[in-house]
Every structure is written in structure tokens, then in C-alpha cells.
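# A look at the structure
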Protein chains: 2
Amino acid sequence: MIKEVGIRKYISQKKSETVDWVAEERPLTIVLNDVEIVTLLCSPSHLDELAVGYVLGEGLMHKGEELEVNLDEKRGIASISTAAANLVNLQAWGKRYVTSGCGKGTSFFQLNDVRQHDSVSILMKVKVEEIFSAMNILQRKSQVFLKTGGVHSAALQIPGSFIFREDVGRHNAVDKLFGYYVLNKLDSREKILYLSGRISSEIIGKARRMGVPVIVSRSAPTSLAIQLAEEVGITLVGFTRGNKANVYTHYTRIE
Amino acid sequence: MIKEVGIRKYISQKKSETVDWVAEERPLTIVLNDVEIVTLLCSPSHLDELAVGYVLGEGLMHKGEELEVNLDEKRGIASISTAAANLVNLQAWGKRYVTSGCGKGTSFFQLNDVRQHDSVSILMKVKVEEIFSAMNILQRKSQVFLKTGGVHSAALQIPGSFIFREDVGRHNAVDKLFGYYVLNKLDSREKILYLSGRISSEIIGKARRMGVPVIVSRSAPTSLAIQLAEEVGITLVGFTRGNKANVYTHYTRIE
């Protein structure tokens, strides 16, 4: 996840040669039932989760079905075999919705598709102090960020677990969590997604597919993210720093 | 670019209802010679530049040729007509390289393609104080960021001009600069690209297509960005904050 590089450091005009750490970035090609889906640039960890989370998050595979992942780390290829491939979406592959995260994500679902999923838990309640303390943990866990400043972190909190992932890609970190959740056959309606990075509309889409009722970020949401979270029933909490937080939608889950 | 929303604010357990500003995010569909290329989610400003910069940055159009852009802001469609479309790349449309910015960008060039372009100016020199002061200007110019915390900023410095753009998408801001540069028929080998956000490999690809010899960011580069910048002859400066900066590649252009 981390590489050492030689750099020249300037402090005002004074220069010195030194060594620095940077976040590693590598290509991963995802293959679903022998169809080459995409090549992502990502942080080289938890690549099986990333592959599974990506195809689920993009609606290319149905949730809760058997699957097998083969990871060839050397060649950077993750191959998924499953009888649960969503042939409709796979065939509509050409029609992509590119998103604003970086500016460009690929999301095979349209916004309308996101709106049509099952409802998320309405009854879930979270104490605001829990949110403050989980965000605090997220920040302290981020060793790669502390060393390189070059990655995003994300965590999925379900009763009894706090799963943490980092990636050079904001979406990849979320995809890894989705993959972990499915590969470990976890099942909970009460889950919270914590993020270091900004929330744009496609993150809401992914969270919706994961069945997440509450998203908490250290950063800002966009207008479209707020609108979509409002519509699909997700509580969106932004700018969570220290003991402060802004709740943008569905206030009732926060106590 | 900015929308007002009602929020609930928490400071510890104390809650209050208030109004906040968020960065607007809207879809833009780009059409090139009647072929629907992509739908981006972006900040609704300079959309003609974004469309042109996108198709150039992705290698779907040749630089320096005549083109016409029609913008239908209401429907969110930018249509480009040109005799300079790159038919080879347009036909290879299916083969996409998805990048790590957010996690997923689409980049139609492969890394090898980036390596094959003309060389960038080797002779260009920049004083490190100039870099500090330009980065300072970039930060002060970012009004949308100051209000919303939800956008990235980028600027292109060429002798006599400092063009500034903001977008919810890190790449979109760069694409807008590329579009401005081409639509205004500017021509300079001496240019510097300033960025607020992290530098992953695909930003190097876009800069290479723009013929930019020096990239300066407030944030971190990834390992692949450094490797690619080294290979294609770009000077990469990261963590430029106050009077400090790290130079990762091609030190000789910095004085």
C-alpha cells in the first residue's frame, strides 16, 4: 500500500534531498463470467473484496448468491464466477452513467434504478456521540493516510463489527466494504457507512444497494447527493469533525 | 454552483436547525458528432469547456482543429461537431481504462498511449517562490469551496494568464481548463497546472495531452502518478502548502 520515493523538499528557497512515502496505485482488471468488465486503478489490498463490491455496486450481479473469486495478484486480474450475474445490466454495459467523484465514475445504474430498491430500515436510531467517536476511530485507523496523505478511508459499522478499508479511490474503499460484507455473508439492517471523503450522488447509489440507512462523512455532500438521499430514505451526515456534525436528511434516526 | 439547504446542526448533543450551502451537482451528457459519449456529474459552470476538454482529454478528438459546441443547459446536453474526431478511439470506445480519482474515471487512452505523445518543454524553468504564490492565489480564489467545502479547484498558468476553474469532480476542473485553452486558441509550451486535489495517474495523462510540463498540487501524488510523470517528462510538485513543497520528478525545472 505504501512506496518509498526520493524527493526534493523545498522550504522557502532552501532545498534538500530526502525520502518520502506515497500511496501505491495499481491497475486491477475485473472479469465477470469471462467478460472483462473494467480496469480500475486502486490501492493493492483486499482486491477480491473490491472486485465483488464493484460488480455488486454497479448492479452487475445479484446480491446473496453463490460466487467464486480468483485473484491473480501478479497480473492484476480478479475473476468472478457466479450464476447470479445480472444479464440485463451486463448487456446494457454500453450505457454508462459517469459520475463526479473524481469527476468520472462509471455507474451502470441510473438514478431511477436506485430509487426502486427495497426500503432501508426506518426504525434505526444512532446517538450523535456514537457518530463522533466512530469518526474519531476512522481517522486514527488510517495509517496509510497518516504516512502518505494520498488515500481515502471508509468503514462499515454493523452491530459487533467495525470494518475499515483504505484506497486511493474514494469509491474503491466503499466497494471493498460492500465486497467484505457479501463475501463474509453478513446480514444486518442496522449499518452505518463512515467516509473521509466528499459524498456525491453515486456514493448514495452504492450505499442504497448495500442497504445502508445512515452515511456519515468528514466532508461535504453535493446537492444531488442530498436530493437522492432524501428520496431513498438515507440519513446523510456531513462535516463530522470533533464534536460537530451537520445532518442533511432524515434527521429522525439521529438522537 | 451553490445551493442553499436546510440542515440540523449538532454541537455535542445540542442540536439546532439552520441553513447551509452545498455545492451543486448536475448531469451533463456529452455528444460528439451525434454519438452519445458519456454523462458526467459536474458543477454547472463552463459546460462547453468541460465537454471540449473531456473529449480532448480522452483522446476522442484531435487538438487544434475547428469545432462547434452547442450547449442546451436546460436539458443538460453539450453537442460537439467537428471534422477532427478521432475515429480510431471513438470506435475503441468499449475498451475503457477506469481510473482511481474517485475511484472510477473513464480514460480511453492506455498508459502507453500517453507515453507516445510529443515531448513537453524541457527548457522551462519556474522559481519556487512563484509556485508558493500561485498556490496561495488558487486557494483564495476558491469561493465555492470556501462556502461549501465540496469542490476541487484547478488553474492553468500560462504567460500573461491564470485561468481558474472549480468543480465537484477533480477531473472535470482539469477538463474545463483544457477546454478553455483550446476554445480560446491559446498556444504556449510554458504552462503550469495547479490543483487542490490529489494526483493520480490519469491526471498525468490529461496533463500530458495538454502539453503541460509542470504540475503543482496541494495534495499527495500516487506511486503510479510519479512513475508516469517521470517517464513522460513532467515535473511533479506535491504537498505545496505555505512555503513548503515536495518535488517528486524532474527537479531541474524548479529553481
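What you are looking at is a predicted structure, and each value in this text was computed from that prediction instead of being measured.

### Side note on the pattern of salt bridges
Residues and elements named next belong to chain B. All chains considered together, the criterion is met by 18 salt bridges over all chains. Here Glu-66 ties to Lys-185 by a salt bridge, and the two come within 3.6 Å at their closest N and O atoms. With Glu-66 in the loop between α1 (47–57) and β5 (67–72) and Lys-185 in the loop between α6 (170–183) and β11 (192–195), this pair connects stretches of sequence that are 119 residues apart. Glu-66 sits in the exposed class, given a relative accessible area of 59%.

### Digging into the UniProt feature "binding site: Mo-bis(molybdopterin guanine dinucleotide)" (unreviewed entry) in chain A
Under the UniProt annotation, "binding site: Mo-bis(molybdopterin guanine dinucleotide)" (unreviewed entry) lies at Phe-239, Thr-240, Arg-241, Gly-242, Asn-243 and Lys-244 of chain A. Within the annotated group just given, the residues that line the largest pocket are Phe-239 and Arg-241 of chain A. With respect to the helices and strands, the residue Gly-242 of chain A is situated in the loop between β13 (235–241) and β14 (244–249). Take Gly-242 of chain A: its relative accessible area is 61%, and that puts it in the exposed class. On the accessibility criterion, Lys-244 of chain A (43% relative accessible area) is partly exposed. Once residues within four sequence positions are removed from consideration, Lys-244 of chain A is found in contact with Phe-132 and Phe-239 of chain A together with Tyr-10 and Ile-11 of chain B.

### Describing the layout of surface pockets
Here the idea is plain: a probe the size of a water molecule rolls over the atoms and shows the empty space left. Counted as a void, the largest pocket has a volume near 1,200 Å³. The element contributing the most residues to the lining of the largest pocket is helix α5 (residues 143–148) of chain B, with 4 residues.

### A word on α6 of chain B
All names here are of chain B. Look at α6: 21 Å from first C-alpha to last across 14 residues, which is about the 20 Å you get at 1.5 Å a residue. Arg-170, His-171, Asn-172, Ala-173, Val-174, Asp-175, Lys-176, Leu-177, Phe-178, Gly-179, Tyr-181 and Val-182 are the residues of α6 that are buried. Of the residues flanking the end of α6, it is Lys-185, one or two places downstream, whose phi is positive at about 50°.

### Remarks on unusual backbone geometry
Residue and element names in this part refer to chain B. Even without a glycine there, the phi angle at Ser-12 is positive, about 50°. Residue placement: Ser-12 occurs in the loop between β1 (2–11) and β2 (14–23). The exposure class of Ser-12 is partly exposed, given its relative accessible area of 28%. Despite not being glycine, Asp-34 has its phi angle at roughly 70°, a positive value. Counting through the fold element by element, Asp-34 comes out in the loop between β3 (26–32) and β4 (35–42).

### A few points about empty space enclosed by the protein
Residue and element names in this part refer to chain B. The final tally for this structure, using the stated rule, is 1 cavity of 30 Å³ or more. A volume near 30 Å³ is recorded for the largest cavity. If you go around the largest cavity, the residues you meet are His-152, Ser-153, Ala-154, Arg-170, Ala-173, Leu-195, Ser-196 and Gly-197. Mapped by element, the contributors of at least two residues to the lining of the largest cavity are β9 (152–158) and α6. In terms of residue count, β9 provides more of the lining of the largest cavity than any other element does, 3 residues in total. Of the residues contributing to the lining of the largest cavity, the split by class is 3 nonpolar, 4 polar and 1 charged.

### Observations concerning the relation of the copies chain A and chain B
Rotating chain A by 180° about the axis while translating it 0.0 Å along that axis superimposes it on chain B, leaving an RMSD of 0.0 Å. Classification of the inter-copy transformation places it as that of a two-fold axis. Of the residues that chain A buries at the interface, 100% are likewise interface residues in chain B, meaning the two copies contact each other through the same surface.

### A closer look at the side chain of Arg-165 of chain A
Residue and element names in this part refer to chain A. Its location among the elements puts Arg-165 in strand β10 (residues 161–167). On the basis of relative accessible area, Arg-165 is assigned to the buried category, the value being 9%. Polar side-chain contacts of Arg-165 include one of 2.7 Å to the side chain of Glu-49.

### Comments concerning the packing of α1 of chain B against α6 of chain B
All names here are of chain B. Contact pair α1 / α6: the axes reach a minimum separation of 6 Å and the direction vectors enclose 95°. As the angle between them shows, α1 and α6 are arranged roughly perpendicular. In this structure, α1 uses Asp-48, Glu-49, Leu-50, Val-52, Gly-53, Tyr-54, Leu-56 and Gly-57 to contact α6, whose residues at the interface are Asn-172, Asp-175, Lys-176, Phe-178, Gly-179, Tyr-180, Val-182 and Leu-183. Grouping the amino acids of the contact of α1 with α6 by side-chain chemistry returns 8 nonpolar, 4 polar and 4 charged.

### Observations regarding the sheet that holds β5 of chain B
Residue and element names in this part refer to chain B. Reading across the sheet, the 4 strands line up as β4-β3-β6-β5 and stay open at both edges, with mixed pairing between neighbours. Edge positions in the sheet fall to β4 and β5, since each has one partner strand and no second. Within this sheet the neighbouring strands show an average axis-to-axis angle of 20°, counted without direction. Relative to β4, β3 runs antiparallel, the two being bridged by 7 bridges. Across the sheet, residue Leu-28 finds its bridge partner in β4, namely Leu-40.

### Notes on the interface of chain A and chain B
In this complex, chain A contributes 74 residues to the contact, which on the side of chain B involves 74 residues. Summing both sides of the interface, chain A and chain B together bury roughly 5,700 Å²; the carbon and sulfur share of this comes to 53%. Across the chain A-chain B interface, the total number found is 0 salt bridges. For the pair chain A and chain B, the number of links is 30 residue pairs in polar contact (both at pLDDT 80 or more). Across the side of chain A that touches chain B, the residue classes break down as 30 nonpolar, 24 polar and 20 charged. Of the strand pairs in this sheet, β14 of chain A and β1 of chain B are connected by 4 bridges, and their pairing is antiparallel. Bridge assignment links Val-247 of chain A to a residue of β1 of chain B, and that residue is Arg-8 of chain B.

### Some points on the sheet that holds β1 of chain B
Spatial ordering of the open sheet is given by β10(A)-β9(A)-β11(A)-β12(A)-β13(A)-β14(A)-β1(B)-β2(B), a layout of 8 strands whose pairing is mixed. Either end of the sheet is taken by a strand with one partner, and the two such strands are β10 of chain A together with β2 of chain B. For this sheet, the mean inter-axis angle between neighbouring strands, taken without regard to orientation, is 25°. Pairing of β1 of chain B with β2 of chain B, which is carried by 10 bridges, proceeds in the antiparallel orientation. Bridge pairing in β2 of chain B places Arg-8 of chain B opposite Glu-17 of chain B. Lying over the sheet, helix α8 (residues 223–232) of chain A contacts β13 and β14 of chain A together with β1 and β2 of chain B, oriented at roughly 65° with respect to β14 of chain A.

Conventions and cut-offs
Residues numbered from 1 in each chain as written. Chains lettered and ligands numbered in written order. Predicted model: local features only at pLDDT ≥ 70, side-chain atom pairs only at ≥ 80, totals over all residues. Heavy atoms only, no water. Salt bridge = Lys/Arg side-chain N within 4 Å of Asp/Glu carboxyl O. Helix = DSSP H or I, 4+ residues; strand = E, 2+ residues; numbered from the N terminus. Buried < 20%, exposed > 50% of the residue type's maximum accessible area, 1.4 Å probe, protein only. UniProt positions renumbered as here; feature names shortened; annotations may be inferred. 1 Å grid on protein atoms, 1.4 Å probe; cavity = no way out; pocket = protein on both sides within 12 Å on 5 of 7 lines; lining within 4 Å. Contact = heavy atoms within 4.5 Å. Points joined across faces, edges and corners; volume = space filled by probe spheres on them. Expected span 1.5 Å × (residues − 1). Nonpolar A, V, L, I, M, F, W, Y, C, P; charged D, E, K, R; others polar. Least-squares fit on C-alpha atoms with pLDDT ≥ 70 in both. Polar contact = N/O pair within 3.5 Å; in protein donor to acceptor, adjacent residues only side chain to side chain. Axes fitted to C-alpha atoms, helices over the stretch in contact; angles between N-to-C directions. Parallel < 35°, antiparallel > 145°, perpendicular 65-115°, else oblique. Pairing = 2+ DSSP bridges. Buried area = accessible area lost by both parts, 1.4 Å probe.

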